[in-house]
Amino acid sequence: MPLMMTLKVLTITSNGRGFRGNAKYNVFYSTPSCYYQAVTQSNPNLITISDDFFPYAENDHAYWTGYYTSRPTTKRFERIGNNILQASQQLNAFANMKNDNKSIDYNENLTSLREVMGTMQHHDAITGTEKEKVALDYVRLLTKAIRETEEPMGQIIGDLLRKENVTERITLPISTCLLTNISICDDSLKDRFMVTVYNPLSRYVTYYVRLPSYNSTYNITGPDGEETYDIVPHMYYSINSTSQASEAELVFAARNIPPLGIKYYYVQKLNDKVNGVEVADNKTFGSSGVSFTLDDNNLLQSVTMNNRTVSINQKFLAYISNNGTGDSIASGAYLFRPLNGTDAYHIDYIFGKDNVNETTQNRVKASYTRGNLVDEVIQVFNDWLTQTIRVYKEPENNYIEFDWIVGPLDNDTVDTEYNHGKEVITRFLVSDVDHEDFYTDSNGREMITRKRKHYPYGNSSFEPVTSNYYPVTSKISIEDKSKDIRVAVLNDRSQGGSSLWGGEIELMIHRRLLRDDYKGVDESLQEMEFGKYLVVRGQHYLVIGSATTDSDIKSTAAQERELALKKLLQPLVLVGDATEEAWSLENIQSKINFEWSGLKAALPDNVNILNLEPWKDGSYLLRLEHILAKDEDMNYSKEVSVNVSDIFAPHSISSIRETTLAANDWLSPSDTASLDDFKAKNDDDYATPSIPRYLNENGTQISLTPMQIRTFVVELFDNIIILLVIPAMKKNAVFFVLLFVYGVKSVPLNSHGSKGSFAGHLGCVKCHSVNQTKINVHLIPHSHDDVGWLKTVDQYFFGMNTSIQQAGVQYIITSVVEALSENPDRRFIQVETAFFWKWWKSQTEQMQQKFKSLVDNGQLEMVNGAWSMNDEACSNYQSIIDQFTWGLRTINDTIGTCGTPHVGWQIDPFGHSREQASLFAQLGYDGVFFSRLDHDDEAKRQSEGNLNFAWQGSANLDNSVILGGIFPTSSYGAPKGYCWDYNCADDPVNDDPDSVDYNIDVLVENFVNLTKTYRTYYPTNNVIIAMGEDFQYEAAEMYYTNMDKFIKAFQNHEELNVIYSTPSCYIQAVHEAQPDLQLKTDDFFPYSNDAHSFWTGYFTSRPNSKRFERTGHNILQVTKQLIAIGGLNGTDKYSENLRFLREAMGVMQHHDAITGTEKQHVVRDYVKLLTRAIQYAEKPIGDILQTLLGIDPAEDLDVNLQLSSCLLSNISICEVSQESNTFTVVVYNPLSWPVTQFIRLPVDGKMFNIQGPDGEEKYDIVDPISDFSYVSGHYQPADNELVFSAKDVPPMGVKLYFVNQTTTSNTSFPPVGNDDYSFGDDQTGFEINNDTNLLESVTINGITLNITQNFYYYYSESGKVDNTNISSGAYLFRPTNSTPESLDGIVTTVGSTRGELVEEFHQKWNDGQVDVSQIIRIYKNEKYIEFDWLVGGINITDDMGKEIISRFTITSDFNNNNTFYTDSNGREIIKRVVNHRPDYTYNSSVEPVASNYYPVTSRIVIRDDEKDVEVAVLTDRSQGGSNLHNGEIELMVHRRMLHDDLKGVGESLNETEFGSGVYVRGSHYLIVGSATKPNSDGKTTAAQERILAQKKLVQPWVGVGRISSDTLTYDEIQKKYSLLKNALPENVNILTFEPWTNGTFLLRLEHILEQKEDPTLSETATISLNDIFNDYTIDEITETTLGANQILDKFNEIPRYIWNTTGQKMDVKPTVTDNSKSSISLTPMQIRTFIVKIVPDKENFGVVLKPVSLMFFFTAVLLYITIYDGENGYVLIRR
Ligand SMILES: [Zn+2]
């Protein structure tokens, strides 16, 4: 067949996509055939080789020659399988010929065995290089297949033997006796039994049937009358088995079984005992033709055969296996490496260790049998080695048989102490012959000449034995031409063998090795059976004859060929119990013939029917082979011809066509019909076959040259009529199959739309139907893809760093898309938009479309939708809203509205906040699902059926009730045993009833039981089961294939309805059942998975990255606003600069990012990502501010506001303010009220002049908190800090300051007296105790409170002390003691300041365990006291982790009734009671500290209602905190630990920086005020806290910039800008203002107070949007849901789920609906989201826009001139 025509060759030139820009290389996808073609085209000169590639050695010591023999019993069983397969194929072919109506498919009988035999050929099956359990499985498979094949054999043979006058079919009760090798066969031990012998060869064969028997006399009736027989003893067996070996063995000859024919024997046991074996002194055995003699030691001495007598010795030896000491190359399943490279050791012939004496030591115990048919000598060498030497006496048996049993190789036969195994060989040594070569067969066919001691490429001295080993698949021979002697040993299976010196042949027969040879199988080869090491039985056949071929008698080689064939394809002996009357001899004789032949005549001796088997459509496969090689025999090596026309009498061949060897293609290229078209449709097709279809005189004469194999497909005449019918029948069958498939696929899908009132609620999501009278099991396929954890985000996406974890999200999504496309029933949920986006942008449009269509058709549901699955303890609500908004927008921008998520999927966060539930409600979600909740809570809910519940997420907002869904176990993975991901260890579903591993029934049954338990956990008949774990579905088809089968197994199940589902479908199903749900009004903190494991450590873990996240949030809000303002005029040139920061902040919210529960290298990556994103977002800020301030770069070239925030000012480093004598400071206030900001900049000087919009500013010079001497970096920390006040920075406005370092100053720094320990004034101030230097009292809001503050530390539990293995770690907090340690030493004053603007007291603790400094500070006119602390260098030299807290203790009488309040994600406040949970009881004494810790995202509050005092501490980041005793607040500020807490991160939380434990700087803000009434400023303390929290969360952005020229006159430029015309009310905040899509802006307003927090400020607020902006007007406004992805009006048209609840609802104020679009009302805590269009004011056009528009014109021109910058994408050339 011309190759060119069939192969499509991919050629990609260097200009193509394949390999850009390199003309030297052409890289493309290829195939071996394409490679072959390419090589052929280049016409190379190739070296011809004519031998093979054995043996294979990787190096001089690693010869892969052991596997030739490994697992010898498997190797033998494979040969038996082949023997039975060939015989069965033939018998089934004949049965098919005889089968008149073709009602039986005889191919089917053969399928399993054909397949298994294919499997057995695998290079880790027949080789013995598989694992032990796999080898056992191969044996099991093969046994089963053999059994299936022999099952119909009784009928087939019955049919063939049946006499013509017998019409009734006869099924003979016959089967193979596979265990005759251990002398077990139940049927042959019956008093009457039948034996059928089928000869699979195409010649007459005499076969010696050998069956387990009694030591008795027998009568054997066969086709030739009564047969003689021998009763012989069997060998000694050391095997335990359920059946006992028989007394003796019966041997009789089935003489001249016809070619492909059957002989039938009837055997009756007579009662006479036979005499014992004949023992004679004469040590010659056999007949005159073939005989052997033994020597005095009972070892073989000589053999006579083919008119020659040769001296030959045969014995057993063993190699001691090398154990690989020193070089790791040991004998193993693959390798053979004897310890002593040169020769094997003799095996001592000792009979039992306790019976040693000199005379018997070298003498083999022997017993002899001389029978009518056979002479046998049984040699017992020792207790694990026995052999029978056997010779059949009739002339055609020209060989001597060596039938050996070896094993078990017990521990005392191998050297277990030094790991030396043993490899046993048999060795034949012929005296006085000489030869250079020896010969081994190649796969049982041609012989290959091997040179003795020939090392073509190895060094002979390294491995002289193993390097000379070759595979002996069938025989090994030597020749001495001068003496005309040829010696061959044939084997019954593959073995390794060699001829190491003259006259010697050795074959390895057994191996037991104690070491793995490191080639991958990872087991040592030590086979066990019946509790002992393996016993092997096998045979060698010795042939001795002439070495020449030029003789008229058959050459020795030809004899060997014939013998090999007879041994490979032995007659199939089937034995059956004939004791029933129906099978009496008389009855059977009347019904069947005792002889039958499938062939009309025998074929020539050099031809064999290699295959005869039923083939397609009633045809047969016939394969003929010439069994001799050329020159092997004078006569038989000639070409031979066979006429096959009526070979199968009485059936004659109607057509015959030759095929290629594998019968898959017609041999003749001119024969264009395909094999499938074998059945011709019209006569034309019969006209041109190369080998005639219709027989003629020459057409059936098939000739064969030596070793030729020819393959034919033949048809027989009596089949023709039937064949015409079959195609029509097949068509019908196909039709029925299609119908069936259609039926399966048309399982009705129930879109939510069909439910009437909920029309459109779920959008495109489509649900499989549920049945509320059954248990509906909702299987939710999902993959939990952490946006960073053990690996970084990108490592997870691309699948890098696999040594840590095998996980690649890009593969997951692609693989899921492909799998979903395969079957429309399948479902999947896509969760993390960060990964979705990375995937989407790297896909082809086609792939994107594929994904989208799966969303559109309801198979793929987008859930959660946020950028990441955010943590719920540490994240601030603003960041959560942002990351949902950006995620939902990305979904909208890519896949559109069908992707709109409807549910929260927070399966992994370590506790769940109420605010998260509230946000979900506001996002329009129906519910939230998770798996982690306190174990006591979980148990209670399970027992009460409350794993579904109604969750009211807000105490202020209505419509905040959603459904809560908890998984039935504490995991979000598939139930044990049902995980079918490629990285799961569970067994797949095996629904093939033919398979030995069939398991679906058990899987179903167990699942039913499991699900019935789960059902009790839920209020309705709907159970949710998450099918997926971390990073699963990388090979999704695997999971789905199994789920498909599993779900199918439940079709029409009585109790269960198992369906693919999604969370939305689950909620719909639950809602349909209308349950009463228990109402939940608080949160799920803290989370503990057992009595000791409270996940309260992560509230504080990695405090620096927790703070950096807040900084990132602050900068994101500022840059969003400024870039929006910069784009108000209609040019949106900077909004892409926000992308990275939006994304990075989304990533930071992830439940392994802000939590600090990721690996160290991952946190570094987060910091890198965030830093880069901040820099990119800040890049255009200078330009924007410049524009806002009316600075025209064209005119004011000296002012170039290259501004940046000084991110290192927390360690007193700011490059610009330290290095420049003159610099600008720009302060932007992102809040919607004016804010006074105290600017604090590291400086090295002390005298400054500061000019601002309000003239010259006062300033203070203060000391930094520390000299930061531990910091080693490029920049040095500053000596001083400059403090000045940016007063009343306008709402969303800017103030610009110029700072000049001078030599004079208008500010004096009054010294602080040593005895003066009071700071501040009578409204706000504090006092220090002059003994302890600690805080003594504070005065805020005019209330003075005795309160002290100090630092303490808990020792971290290591889990070793109490053997629980539960230690404090990144997740868990577990102190050793409930009382924390005090810091040692006196606290010293390291300075204090009473400046114009700020008063400070500096403290330093002198403790050896932790380095602590703190500034207690008050700014003028502020109503709080700041505690600015620096904690680090935690000492771990005592091997103890430490967790540092700051504790505020009210020293006067204060009673807060064990009650305190913490915020939920920085918003609503939740009441906490010490040692108490509202929903369940728990034992608070087990972990009294950790179990009372709660997340303090923003603040913690205690109140004494009687005294009307409230004390609040606000934080600058998330921390864990508690109120363990009345009047006390503690916050954990830092942690360093030495143990992993075994929650998965696999590292201890031990952050270091600059060579010591990391330092953390942070602030606490203390407020004291009235608990109930407004304070003197008219605001309640709660309101003050709210406003302060906003100010600290979203602080003014301070940009510092160099001034390039000192000639600038400050007066010349504008110094102030405000977007807002007026400040908004103090209870309203502009939560979001950012550029949105198509020139619109996203505007989000929030009411920042809760109900009843303040009599005035908690009222509904109303603002007018009509006149809100300077210079701009809102032109269009559209309200949306919180996520800005759904228009609110449209959303409200869709009915919401209403839940029936039990329990007390929190009382909320109904939200206001305004009719006027320009007037916006907000009820407490309400957030409203709008998409707005903003246009410039008409009247201001001339004034403001003119210079601006000129600017834009300028830049617009420049926009066209762009350069490509690889790092940042397209950027403008500015100048
Ligand atoms: Zn996770």
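Presented here is a report on the structure given in the accompanying data block. (Residues numbered from 1 in each chain as written. Predicted model: local features only at pLDDT ≥ 70, side-chain atom pairs only at ≥ 80, totals over all residues. Heavy atoms only, no water.)

Across soluble globular proteins, nonpolar side chains have a tendency to be buried as a group. Membership of the largest hydrophobic core comes to 225 residues, with the highest contact counts inside it found for Phe851, Val1511 and Phe1633. With 63 residues, the next largest nonpolar core counts Val116, Met153, Leu585 and Val640 among its residues. (Core = buried A, V, L, I, M, F, W, Y, C linked by side-chain atoms within 4.5 Å. Buried < 20%, exposed > 50% of the residue type's maximum accessible area, 1.4 Å probe, protein only.)

On to the pairing of strand 59 (residues 1343-1355), then. Sheet topology places strand 58 (residues 1335-1340) next to strand 59; four bridges connect them, and they run antiparallel. Bridged to Ser1337 within strand 59 is Asn1346. In this structure, the hairpin formed by strand 58 and strand 59 is closed by a connection of two residues, where Asn1341 is found at a positive phi of approximately 50°. Two elements, strand 59 and strand 65 (residues 1442-1450), share nine bridges in a ladder whose sense is antiparallel. The partner of Tyr1355 across the bridge, within strand 65, is Lys1442. (Pairing = 2+ DSSP bridges. Helix = DSSP H or I, 4+ residues; strand = E, 2+ residues; numbered from the N terminus.)

With that settled, the discussion passes to a negative patch on the surface. The grouping of Asp105, Glu108, Glu115, Asp992 and Asp994 at the surface amounts to a negative patch. By the element assignment, Asp105 lies in the loop between helix 3 (72-98) and helix 4 (106-120). Here Asp105 falls in the partly exposed class, since its relative accessible area comes to 42%. (Patch = residues over 30% accessible without salt bridge, like charges linked within 9 Å, V, L, I, M, F, W, Y side chains within 5 Å. Areas by Shrake-Rupley, 256 points an atom, 1.4 Å probe, with all protein chains shown as cover. Salt bridge = Lys/Arg side-chain N within 4 Å of Asp/Glu carboxyl O. Lys, Arg positive; Asp, Glu negative; His and termini not counted. Charge placed at Lys NZ, Arg CZ, Asp CG, Glu CD.)

Turning our eyes to something else, we now look at the state of the cysteines. Taken as a whole, this structure holds five disulfides when the rule is applied. The disulfide that involves Cys979 links it to Cys984, with 1.7 Å between the sulfurs. A single burial state applies to Cys979 and to Cys984, both of which are buried. Here Cys1206 engages in a disulfide with Cys1214; their sulfurs sit 1.8 Å apart. Grouping residues by exposure puts Cys1206 and Cys1214 together as buried. (Disulfide = S-S within 2.5 Å.)

A few words now on the sheet that holds strand 81 (residues 1672-1680). Here we have four strands laid out as an open sheet, ordered 78-79-84-81, and antiparallel in their pairing. Bordering the open sheet on either side are strand 78 (1628-1635) and strand 81, each of which pairs with just one other strand. Each strand of the sheet is rotated relative to its neighbour by a mean of 30°, with strand direction disregarded. For strand 79 (residues 1641-1647) and strand 84 (residues 1727-1736), the ladder comprises six bridges, and the chain directions are antiparallel. For Phe1641, the partnering residue across the bridge sits in strand 84 and is Val1732. (Axes fitted to C-alpha atoms, helices over the stretch in contact; angles between N-to-C directions.)

Let us now look at the coordination of the zinc ion. At this site the zinc ion is bound by His784 (NE2), Asp786 (OD), Asp908 (OD) and His1151 (NE2), with donor distances of 2.0 Å. In this structure, the zinc ion is coordinated by four donor atoms arranged in irregular fashion, with angles at the metal of 91 to 162°. As a motif over one chain, the donors of the zinc ion read H-x1-D-x121-D-x242-H. Placement of His784 in the loop between strand 39 (775-781) and helix 10 (793-798) and of His1151 in the loop between helix 21 (1139-1148) and helix 22 (1160-1178) is noted, with a sequence separation of 367 residues between them. Neither residue differs from the other here; His784 and His1151 are each classed as buried. (Donors = N, O, S within 2.8 Å, 3.2 Å for Na, K, Ca; no water. Tetrahedral: all angles 85-135°; square planar, octahedral: opposite > 155°, others 65-115°.)

Given a rise of 1.5 Å per residue, 13 residues ought to cover 18 Å, and the 18 Å separating the end C-alpha atoms of helix 25 (residues 1581-1593) matches this to within 8%. In terms of burial, helix 25 is a largely internal element, twelve of the 13 residues being buried. When we look at burial in helix 25, the residues that qualify are Thr1581, Ala1582, Ala1583, Gln1584, Glu1585, Arg1586, Ile1587, Leu1588, Ala1589, Gln1590, Lys1592 and Leu1593. (Expected span 1.5 Å × (residues − 1).)

With that settled, the discussion passes to the packing of helix 20 (residues 1103-1126) against helix 22. Running from amino to carboxyl end, helix 20 crosses helix 22 at an angle of 20°, the nearest separation of the two axes being 10 Å. The angle between helix 20 and helix 22 places the two elements in the roughly parallel class. The crossing of helix 20 and helix 22 is left-handed. Between helix 20 and helix 22, the residues in contact are Ser1105, Phe1108, Glu1109, Gly1112, Ile1115, Thr1119 and Ile1123 and Val1163, Val1167, Leu1170, Thr1171, Ile1174, Ala1177 and Glu1178, respectively. For the contact of helix 20 with helix 22, the class distribution of residues is eight nonpolar, four polar and two charged. (Parallel < 35°, antiparallel > 145°, perpendicular 65-115°, else oblique. Left-handed = near helix turned anticlockwise from the far one by under 90°. Contact = heavy atoms within 4.5 Å. Nonpolar A, V, L, I, M, F, W, Y, C, P; charged D, E, K, R; others polar.)

Take the side chain of Gln1349 next. By the element assignment, Gln1349 lies in strand 59. If sequence neighbours within four positions are ignored, Gln1349 has contacts with Leu1334, Leu1335, Gln1414, Phe1427, Ser1446, Arg1447 and Phe1448.

So, on to a nonpolar patch on the surface. A contiguous nonpolar patch, built from Ile47, Ile49 and Phe53 and spanning about 400 Å² of accessible area, is present on the exposed surface. When you line up the elements, Ile49 lands in the loop between helix 2 (32-41) and helix 3.

To continue, consider the pattern of salt bridges. Across all of its chains, the model carries 104 salt bridges by this definition. Residue Arg1110 pairs with Glu1109 through a salt bridge whose shortest N-O separation is 2.8 Å. Owing to a relative accessible area of 0%, Glu1109 belongs among the buried residues under this scheme. One salt bridge connects Arg1602 with Glu1219, and the closest N-O pair in it is separated by 3.8 Å. Here Arg1602, found in strand 76 (residues 1597-1602), pairs with Glu1219, found in helix 24 (residues 1215-1219); they are 383 residues apart in sequence, far enough to count as distant. You can call Glu1219 partly exposed: its relative accessible area is 49%. Via salt bridges that share partners, Arg210, Glu249, Glu376, Arg390, Glu401, Asp403, Arg537 and Lys567 belong to a single interconnected network.

By themselves these figures say nothing about function.
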